[in-house]
Each structure stands twice: as C-alpha cells, then as structure tokens.
Amino acid sequence: MATGHADPQRRARILAAALDHIAEEGVAGVSHRKIATRAGVPLGSMTYHFSGIDELLREAFTGFADHFVTVFEEHLGRATTAEEACEAVTDLVHTLSEGPRRDLVLTQELYTLAARRPEYRKLTQSWMRRSRQRLEQHFDPETARQLDALIEGLTLHRALDPAPHDRALTRQAIRRITTVTPPTTVAPPTTGPASASGR
C-alpha cells in the first residue's frame, strides 16, 4: 500500500473529497472515516496529513476560496477600460450563478461556519479582501466594496430563482453603483423681507 510519501496526490484527494462530502451532506456530516472512504485512502492517512477535522476544513475551504479569487482574476484581468470592467462584472455574476450548484452550497456552508466561529470568519474576511483588491484595479475602494456585495447577492438570487433575471438587469444594477451622479443642490430657504413679502 502506498504511503503518504509515495502518493503525493493523496492530500489533494482528501481535500477534494472533503469538499464533495460537504456539498452533499453539509459540514455537520464530516468525519475522518467518511472522508477517507470517499477519497479512497486508508483511515490513517487522515491523521498523517491533518491534525484534526478543523485543519482539514480550513485547508479545504481555503482552496475553495482561492478558486473563486482566480475566477475574479480571469474575468477582471482582461478589462482595460471602465466599460470593459463593468461588462466583466456582469459576466462574473452570470458565470458564478450558472456554475455548479456544488459551489453555491459550499459558499453557504462556509458562511454558516464563519457566522459561528471566528477562525472561519478570518478566512471569509481574507477572501472578501482579495476579491475587492481585484475590483480595485478598476474601481475606487468604496465602489469595489459595494460591487463585491452586489456580486454575491445577485449570484445567489439568480442561482436560486426558477426564473433568473437577465443580463440587462444585472448590467443596470452595476451601472447604478459605478456611475457617479452629481449631488443634488438644495436651494437654501429665503429669509428676511423677501420671505415676508412672499407670504
């Protein structure tokens, strides 16, 4: 039987199996035995490669977050103008929302963990920061923060809606955030004699 040293892909298979298992049964169903069976590795490999379930989950979700940051880079990296950047964000929303349901489930499982446990909150915070950095290549920091939240919200809505909205609506939402509108000027109230004569 191959040992961990003789089977360099074993660790990666375990991490992939953990994510597949979470997507199907949720984080609550994770155990060393279940993941080892799914990955096709001896049970002892679990403790050889990971100190415990928490280390396994953190590494698996870190790799998952890295995947999403790569998707951001692929879309936004091609844009060279503000117009192209807005179109890239539109593409990103539709790519993510029409992607594997597995990714949607894993995202929500990670957010649930982060809502309960600070160590996972650090992971999601790092993910959000990295996503915003990609957006900040084309937009100011405040706009990037708003777009980051919009991307996640629209992605979730489109993925769960039996009749998801079209690209026109996505593009319109992005325009409302990225288009700078001049502040409305309110005329100051008149005072003194002119005010009195107007009564």
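Residues numbered from 1 in each chain as written. Predicted model: local features only at pLDDT ≥ 70, side-chain atom pairs only at ≥ 80, totals over all residues. Heavy atoms only, no water.

Q: Is there a simple way to think about the overall build of the protein chain in this case?
A: A count of helices and strands for the protein chain gives 10 helices and 0 strands. Starting at the N terminus, the α and β elements of the protein chain follow one another as α-α-α-α-α-α-α-α-α-α. Classification of the 199 residues of the protein chain by burial places 39% in the buried group. Summarising the internal contacts of the protein chain: among those between residues at least 6 apart in sequence, 65% fall at separations of at least 24. (Helix = DSSP H or I, 4+ residues; strand = E, 2+ residues; numbered from the N terminus. Buried < 20%, exposed > 50% of the residue type's maximum accessible area, 1.4 Å probe, protein only. Contact = heavy atoms within 4.5 Å.)

Q: Explain the packing of aromatic side chains here, please?
A: Applying the stated criterion across every chain yields a total of 4 aromatic pairs. Judged by centre distance (5.0 Å) and plane angle (70 degrees), the rings of Phe64 and Phe68 are edge-to-face. Within this pair, Phe64 and its partner Phe68 are both found in helix 4 (residues 53-76), separated by 4 residues, close to a single helical turn. Grouping residues by exposure puts Phe64 and Phe68 together as buried. What links up through ring pairs into an aromatic cluster is the set Phe64, Phe68, Tyr111 and Trp127. (Phe/Tyr/Trp six-rings, centres within 6.5 Å; stacked < 30°, edge-to-face > 60°.)

Q: I tried to follow helix 9 (residues 167-178) on my own but got confused; where do I start?
A: Every α-helix winds through 3.6 residues per turn, so residues three or four apart in the chain are directed the same way. Relative to the 16 Å expected for 12 residues at 1.5 Å per residue, helix 9 spans 16 Å between its end C-alpha atoms, a close match to the ideal helical length. Considering only its buried residues, helix 9 is in contact with helix 5 (82-97) and helix 8 (141-160). Structurally, the start of helix 9 carries an N-cap: the backbone nitrogen of Ala168 is 3.3 Å from a side-chain oxygen of Asp166. (Expected span 1.5 Å × (residues − 1). Polar contact = N/O pair within 3.5 Å; in protein donor to acceptor, adjacent residues only side chain to side chain.)

Q: Explain the nonpolar core here, please?
A: Across soluble globular proteins, nonpolar side chains show a tendency to be buried alongside one another. With 49 residues, the main nonpolar core has Ile14, Ile35, Leu56, Phe61, Val89, Leu135 and Ile151 as its most contacted residues. Among the secondary structure elements, those contributing two or more residues to this core are helix 1 (10-25), helix 2 (32-39), helix 4, helix 5, helix 6 (101-116), helix 7 (118-135), helix 8 and helix 9. With 11 residues, helix 4 is the single largest residue contributor to this core. Those residues in contact with Phe61, other than ones at most four positions away along the chain, are Leu19, Ile22, Val27, Leu106, Glu109, Leu110, Leu113 and Leu123. (Core = buried A, V, L, I, M, F, W, Y, C linked by side-chain atoms within 4.5 Å.)

Q: Where do I start with the packing of helix 1 against helix 6 in this structure?
A: For any two helices packed against each other, one specifies the crossing angle of their axes together with the interaxial distance. Close contact between helix 1 and helix 6 brings their axes to 9 Å; oriented N to C, the two are set at 90 degrees. When the interaxial angle is binned, helix 1 and helix 6 end up roughly perpendicular. Taking contact as the criterion, the partners of Ala16, Leu19, Asp20, Ile22 and Ala23 in helix 1 are, on helix 6, Arg102, Val105, Leu106 and Glu109. (Axes fitted to C-alpha atoms, helices over the stretch in contact; angles between N-to-C directions. Parallel < 35°, antiparallel > 145°, perpendicular 65-115°, else oblique.)

That's the geometry; what it means functionally is another story.
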